[in-house]
Protein chains: 2
Amino acid sequence: MAQKPSIPKGTRDFTPAEMARRNYIFDTIREVFGLYGFRQIETPAMENLSTLMGKYGEEGDKLLFKILNSGDYLRGVDRSLIDNDECLKLAAQLCEKGLRYDLTVPFARFVVMHRAELQMPFKRFQIQPVWRADRPQKGRYREFYQCDADVVGSDSLLNEVELLQIIDEVFARLGVRITIKLNNRKVLAGIAELVGAPDKIIDITVAIDKIDKIGLDKVKEELAERGLSPEAIDRITPIITLSGTNAERLESLKALMASSEVGLKGVEELITVIDSTAALGLRADLELDVSLARGLNYYTGTIIEVKARDVEIGSITGGGRYDNLTGVFGLPGLSGVGISFGADRIYDVLNALDLYPADIQGAARIMFANLGEAEAARSLQVAREVRRAGISAEVYPDAAKMKKQMSRADALGIPYVGIIGETELQEGTVTLKNMTTGEQSQLNVDDLIKALS
Amino acid sequence: MAQKPSIPKGTRDFTPAEMARRNYIFDTIREVFGLYGFRQIETPAMENLSTLMGKYGEEGDKLLFKILNSGDYLRGVDRSLIDNDECLKLAAQLCEKGLRYDLTVPFARFVVMHRAELQMPFKRFQIQPVWRADRPQKGRYREFYQCDADVVGSDSLLNEVELLQIIDEVFARLGVRITIKLNNRKVLAGIAELVGAPDKIIDITVAIDKIDKIGLDKVKEELAERGLSPEAIDRITPIITLSGTNAERLESLKALMASSEVGLKGVEELITVIDSTAALGLRADLELDVSLARGLNYYTGTIIEVKARDVEIGSITGGGRYDNLTGVFGLPGLSGVGISFGADRIYDVLNALDLYPADIQGAARIMFANLGEAEAARSLQVAREVRRAGISAEVYPDAAKMKKQMSRADALGIPYVGIIGETELQEGTVTLKNMTTGEQSQLNVDDLIKALS
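Read on for a plain summary of the structure. (Residues numbered from 1 in each chain as written. Chains lettered and ligands numbered in written order. Predicted model: local features only at pLDDT ≥ 70, side-chain atom pairs only at ≥ 80, totals over all residues. Heavy atoms only, no water.)

**Focus: the environment of A:Ile313**
All names here are of chain A. What counts is decided by this rule: Each helix is a run of DSSP H or I of at least 4 residues and each strand a run of E of at least 2, with the numbering of both proceeding from the N terminus. Here, two residues are considered to be in contact whenever any of their heavy atoms come within 4.5 Å of each other.
If you trace the backbone, Ile 313 turns up in the loop between β9 (302–308) and β10 (317–322). Ile 313 sits 260 residues away from Met 53 along the chain, and the two C-alpha atoms are 30 Å apart. Setting aside chain neighbours within four positions, we find Ile 313 in contact with Lys 307, Ala 308, Arg 345, Asp 348 and Val 349.

Okay, here's the thing in structure tokens:
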């Protein structure tokens, strides 16, 4: 009956060594969120499909993991859907619940359901896995973590500034050199207005978003294909090829946007955010990038994207301001701004650059060897004292061969081994072996604790 | 189009205040696990149904949340199952994956899949949610957390001793007074052997397990109904009505078990565990309870159950030793011992006794009021200094009415408000208001940080 076990494709186990690394990242993010007064919430893994469906586009609906109803789930199902293989429609009858696809929609639902108890502005963070039935590939998983922080109920750009500080602080702590790209949806609207094609804002931004990848000429071609006149394209060109410092770019942009009210408002917002942030001394590079169009359908003001400078990988954090988080759930007009750290990509970046501190292994600081019953009993006593001092300790459970015991400490990266044999038992001491240097010394318990501290 | 949102029954949102409390519990458990050298792993929320099915009995199979296959999930399905409403069999064709039902089966699968990279004895802990399609009721949820620690690959009773120390330490830190009940499956086998009904071990233990609830007479009735002779019942009676100290009970039990080899082995194991633990000075009450039969089909040695002394609630932690964790996945003979903290019940206990420290709210330590643009810019500067000292701070994002700003600090339990107005701006100071006492003082930044530390 024995079966060779496996796990679903696109999912992962995390071993202790991997967990230690991941926890290092999560703990860093959590601590910085906390320093800025963001407070944690959690929502259930399962949401009603009525909450999730239609929020991520048609493709998103297909990528939702749906949970089969319990019990007699065929009752009341429209059998013609089965006969006609209408899988998507049938799924809505077989399943009431689905797995969380991101943290934003559950957060919106949370805000609506709990609005009476929330203090506005509400600053929340959330670190939980999400699930997507995407085709798995390198760096893309069906279960992965998101780490989101949002402020809702405040229009102030001070929130943007603090979120940029958070991004800066997290990556500074992790030792990752980053560039934060900044744009504003109002500038994009301004561009569309300027070229006399306000209805073409999506076409324009989709095209100019590609400038880094395909270059200016191809972008111009695409703009033409999307129905823009040569004059319009000529007007866009200087805007998307701005150069110089942020201040110079903003100056040029302001001049170019002179005739668009919304565009100028966007420039003003960018100036405020960039100046305020600069006054606080960011370590990251902050770069105005007018071609940045991330999440266009959703964001209404600031748009943020973070790239690692030393690893070739997509965006590792992103975010922006939105006007109407909760309208779809019956609470219109709630504005907010948020960021999302891509924990799995950050994990890949830290692995690629080997940026983990040496002491995050999570193994005990000392392992007491086991030389027999009486010796082990004494080791348990000493281990208790060591732990009381806040130092992690394990006692090898069996009186195995010393070589085997030592090799465990070695393999787990346990830095010290404590040996209590007959002599130590009589003298009330412990022989402490430093596993790195091989040095040994015989100590009483107080000195042992000092040596380990 | 607005819909009134809800969440699936039996699931919960956790607000910041609730999360702060839950994190306090999880962090306490995690820290103690770490002090004893246990290392964390995580497994995916979804497992293949082939991993899960048949591991929790027929009832368990029904309580698994199953995930509808993606895409054209009707292809290849046996349509007669649909016509005959054979929901359970059909589910196995519609679904390949299910949600984790506990942490033990995924752990067994993990050990088998990763055995080449694991150091034995392997000491792991795991804190993750599990899902069961149970009927929700008070204190029973469809999504809840388990916190498990296991040592596999060692027969030593030293592991039992350390797990009991962990239980003791966790509840001492949480301030919950507990009784740890201890038994050994071999003693139960011994009882069945003694009364000449070794095949009736399940019947006997199911009956005597109820003694606390229904009393001795009813247990005797039930034993008779389950086919035990009056003589057998007479022989069982003194065993299940042992009284006195643990030492006295063990003494009596040893005498009563004299003719059962397995029973005596169980008594010996109990003596070792109880004596070793007593030598280490447990704060919890440790009580030998021969009627304890928790998880009988699974455990083969030590059986552990923890009750809160000051709250009426079921077992809040349990565990025991097992012989064959991974046999079903093709790796026979792997013995281990583990415990599982029932986080949700512990949460209920701490809520009932109001045992949370005052400072776990998770709100910022100081909120800077916002008196206008220049003042807020200065507040951001000072907040940066405060955070650099490791102190959490928020800046009210809008220049709202002071009363509104103060009421936020009050509602969130933020203990200090920092005020930077025109005077403070000129003088380079901050007026610090203690929200508890109402006291105010004007400080420079260094003194502010000292006052907040």
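**Quick notes on helix α7 (residues 158–174) of chain B**
All names here are of chain B. For clarity, the cut-off: Here a helix's expected span is defined as the number of its residues, less one, multiplied by 1.5 Å. Working definition: with a 1.4 Å probe on protein chains only, accessible area under 20% of the residue-type maximum means buried, over 50% means exposed, and in between means partly exposed.
The first and last C-alpha atoms of α7 sit 24 Å apart over 17 residues, in line with the 24 Å expected at 1.5 Å per residue. Most of α7 is tucked away, with 15 of its 17 residues classed as buried. Following α7 by one or two positions, Gly 175 has its phi on the positive side, about 80°.

**Digging into the packing of helix α7 (residues 158–174) of chain A against helix α13 (residues 261–279) of chain A**
All names here are of chain A. In plain terms, the rule: Between the N-to-C directions of two axes lies an angle of 0 to 180 degrees, each axis being a line fitted to C-alpha atoms and, for a helix, fitted only over the stretch in contact. When an angle is under 35 degrees it counts as roughly parallel; over 145 it counts as roughly antiparallel; between 65 and 115 it counts as roughly perpendicular; any other value is oblique. Should the near helix be turned anticlockwise from the far one by less than a right angle, the crossing is termed left-handed; should it be turned clockwise, right-handed. Under the grouping applied here, Gly and all other residues not named as nonpolar or charged are polar, the nonpolar ones being Ala, Val, Leu, Ile, Met, Phe, Trp, Tyr, Cys and Pro and the charged ones Asp, Glu, Lys and Arg.
Two numbers describe how α7 lies on α13: the axes approach to 9 Å, and their chain directions differ by 45°. By the angle between their axes, α7 is oblique relative to α13. Both α7 and α13 take part in a crossing whose hand is right-handed. Side by side, α7 and α13 meet where Glu 160, Val 161 and Leu 164 of the first sit next to Val 273, Ser 276 and Thr 277 of the second. For the contact of α7 with α13, the residue count by class is 3 nonpolar, 2 polar and 1 charged.

**Some details on the relation of the copies chain B and chain A**
What counts, and what does not: Residues below a pLDDT of 70 in either copy are left out; the C-alpha atoms of the rest, at least 70 in both, set the least-squares superposition of the copies.
Least-squares fitting of chain B to chain A yields an RMSD of 0.1 Å, with the superposition described by an axial translation of 0.0 Å and a rotation of 180°. Seen this way, the second copy is the image of the first under a two-fold rotation axis. Minimal C-alpha separation from the rotation axis in chain B is found for B:Ile67, amounting to 2.2 Å. A high fraction, 100%, of the interface residues of chain B reappear at the interface in chain A, so the copies pair face to face through one surface.

**Concerning the sheet that holds strand β13 (residues 393–395) of chain A**
Strand-to-strand pairing in sheets goes through backbone hydrogen bonds, with the strands running parallel or antiparallel. All names here are of chain A. Put simply, the rule is: Should DSSP find at least two bridges between two strands, the strands are taken to pair.
Pairing in this open sheet of 5 strands is mixed, and the strands run β13-β12-β14-β15-β16 from one edge to the other. The two strands at the open ends of the sheet, each matched to only one other strand, are β13 and β16 (440–443). Taking the axes of each pair of neighbouring strands and ignoring which way they run, one obtains an average angle of 25° across the sheet. Two elements, strand β14 (residues 416–419) and strand β15 (residues 430–434), share 4 bridges in a ladder whose sense is antiparallel. Bridge pairing in β15 links Tyr 416 to Asn 434.

**A few points about the sheet that holds strand β5 (residues 122–131) of chain B**
All names here are of chain B. Within the open sheet, the 8 strands sit side by side as β1-β5-β6-β11-β10-β9-β7-β8. Their pairing is mixed. Of all strands in the sheet, those with a lone pairing partner are β1 (39–40) and β8 (285–288), marking the two edges. Note: strand β7 (residues 178–184) against strand β9 (residues 302–308), 7 bridges, orientation antiparallel. The residue of β9 that forms the bridge with Asn 184 is Thr 302. Helix α1 (residues 16–35) rests against β1, β5, β6 (143–152) and β11 (336–342) of the sheet, and its axis sits at about 5° to β6. Against the sheet, helix α14 (residues 343–353) touches β6, β9, β10 (317–322) and β11, its axis set at about 45° to β11.

**Notes on the environment of A:Leu355**
All names here are of chain A. Note that Leu 355 resides in the loop between α14 (343–353) and β12 (366–368). Looking at Leu 355, the relative accessible area reads 25%, which means it is partly exposed. Between the C-alpha atom of Leu 355 and that of Arg 21, which follows or precedes it by 334 residues, the distance is 9.8 Å. Dropping the residues within four chain positions of it, Leu 355 is found in contact with Tyr 24, Leu 174, Gly 175, Val 176 and Leu 350.

**Overview of the interface of chain B and chain A**
Operational definition: Defined here as a combined quantity, buried area equals the accessible surface (1.4 Å probe) lost by two parts on assembly, summed across both. We define a salt bridge as a contact between a side-chain nitrogen of Lys or Arg and a carboxyl oxygen of Asp or Glu at a distance within 4 Å. Polar contact criterion, stated in full: a pair of N or O atoms within 3.5 Å, where within protein one must be able to donate a hydrogen and the other to accept it, and residues adjacent in sequence count only if both atoms are side-chain atoms.
With 107 residues of chain B at the interface, the matching set in chain A holds 107 residues. Summed over both sides, the interface between chain B and chain A buries roughly 8900 Å², with carbon and sulfur atoms accounting for 57% of that surface. At the junction of chain B with chain A, the criterion picks out 8 salt bridges. Our enumeration of links across chain B and chain A arrives at 40 residue pairs in polar contact (both at pLDDT 80 or more). Looking at the side of chain B that touches chain A, the element that brings in the most residues is α1(B), giving 6 residues.

**Let's talk about the side chain of B:Arg142**
Position of B:Arg142 relative to the elements: it lies in the loop between β5 and β6. Here the side chain of B:Arg142 touches B:Asp134 through a polar contact of 2.8 Å, landing on its backbone oxygen.

The quantities given are spatial measurements derived from coordinates; they are silent on function.
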